[in-house]
Amino acid sequence: MTRQPHAAGQTAGGAHFIRTGWQFVERRVIVPALDLLFPPVCVACERVGTLLCERCVADFTPLTVELSRAAPPLSDKVALGVFSGPLQTAIHALKYDRLTALAIPLGDLMAGRIREAAWPVSLLIPIPLHASRQRERGYNQAALLGAVIADRLGWTQEPDLLVRVRQTRTQVGLGYRERQENVAGAFAVATPDRVKGCDVILVDDVYTTGATMRECALVLLQAGARTVRAVVAGQAGAATWVAVPPS
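This structure is a prediction, so every number in the text was calculated from the model and none was measured. (Residues numbered from 1 in each chain as written. Predicted model: local features only at pLDDT ≥ 70, side-chain atom pairs only at ≥ 80, totals over all residues. Heavy atoms only, no water.)

(A) Here's a closer look at unusual backbone geometry. Following Pro72, the chain continues into Pro73 via a peptide bond in cis, with omega recorded as 10 degrees. By secondary structure assignment, the location of Pro73 is in the loop between α3 (65-68) and β1 (76-82). At Ala118, a position not held by glycine, the phi torsion is positive, near 55 degrees. Tracing the sequence through the fold places Ala118 in the loop between α5 (103-117) and β2 (123-126). (Helix = DSSP H or I, 4+ residues; strand = E, 2+ residues; numbered from the N terminus.)

(B) Structural detail: the pairing of strand β7 (residues 227-235). The buried fraction of β7 is high, at 9 of 9 residues. Across 6 bridges, β1 lies against β7 in parallel orientation. When the bridges of β7 are listed, Ala79 appears paired with Val232. One ladder, built from 8 bridges, connects strand β6 (residues 199-207) with β7; its direction is parallel. Bridged to Val206 within β7 is Gly234. What joins β6 to β7 is helix α9 (residues 211-222), and the crossover it makes is right-handed. (Buried < 20%, exposed > 50% of the residue type's maximum accessible area, 1.4 Å probe, protein only. Pairing = 2+ DSSP bridges. Right-handed = clockwise from strand over helix to strand, strands pointing away.)

(C) Structural context of the confidence of the model for the protein. Here the protein averages 83 in pLDDT, and 72% of its residues register 70 or above. In this model residues 1-8 is a low-confidence stretch, pLDDT under 50, and it forms 1 contact with partners more than four residues away in sequence or in other chains. Residue range residues 239-247 is modelled with pLDDT below 50. Its contacts to residues more than four positions away, or to other chains, number 31 contacts. (pLDDT = per-residue confidence, 0-100. Contact = heavy atoms within 4.5 Å.)

(D) The state of the cysteines, seen in detail. All chains considered together, the criterion is met by 0 disulfides. The thiol of Cys45 is not disulfide-bonded; the next cysteine sulfur, from Cys53, is found 3.6 Å away. The cysteine Cys56 is free of any disulfide, with Cys53 supplying the nearest cysteine sulfur at 3.6 Å. The class for Cys56 is buried, based on a relative accessible area of 5%. (Disulfide = S-S within 2.5 Å.)

(E) Representation of the sheet that holds β1. Here 5 strands make up an open sheet; going across it, the order is β1-β7-β6-β2-β3 and the pairing parallel. Every interior strand has two partners, whereas the edge strands, β1 and β3 (156-157), have only one. With 2 bridges joining them, β2 and β3 adopt parallel strand pairing. Along β3, the bridge assignment pairs Leu124 with Gln157. In the packing of helix α4 (residues 85-96) onto the sheet, contacts are made with β1, β6 and β7, and the angle to β7 comes to roughly 105 degrees. Each of β2, β3, β6 and β7 touches helix α7 (residues 141-153); the most contacted strand, β6, lies at about 130 degrees to it. (Axes fitted to C-alpha atoms, helices over the stretch in contact; angles between N-to-C directions.)

Listed below in structure tokens is the structure:
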């Protein structure tokens, strides 16, 4: 008797079962075991138990009314707090120390701010790095944050929709007008039809003067996006933005 090949649906179902089974084992067995052997430590205060503890989160410096305002063409923006103290330490560790797991607690908090703001269901787009810088770093921290936010809200992230078409010089030390000129024409929308009529949320780790965010918002609106908002982990205060490291 000739054995009939498995149907495609059966094969796909088996693969899905194996994948979800492995994810369950990883989440319920492997990760807890590793945490038991090598417990996480708060990156800001070194308390054992979590990469970013509740006490340090409570110490985030809230934005003033002035810093909370969104400059056109952004419709709105939210941040976890001022880029200082424990928040600055966490962002630096994510960005420069390859502690990519910090994208999870930071992304969780950013998703919470979006819920509080009651923004409409939106397309998430991380601020892109130039290809050479991403190869050097190995990842885009904004995309890592966006992936967590997308998962928590059940929305879609499109990390390749917005592209950086030319490398820009570092923004550190540049004045407000120089920053605007530096990023002018640096971004493009890869597939304009994908953003037409959409509410878009730009995701990044730090908002300084907003030059990059505004330039990205402009090209997205020109491509047909309905609105563009921004969510970031930290926002530099007016007295400190010149010292914020580059993306």
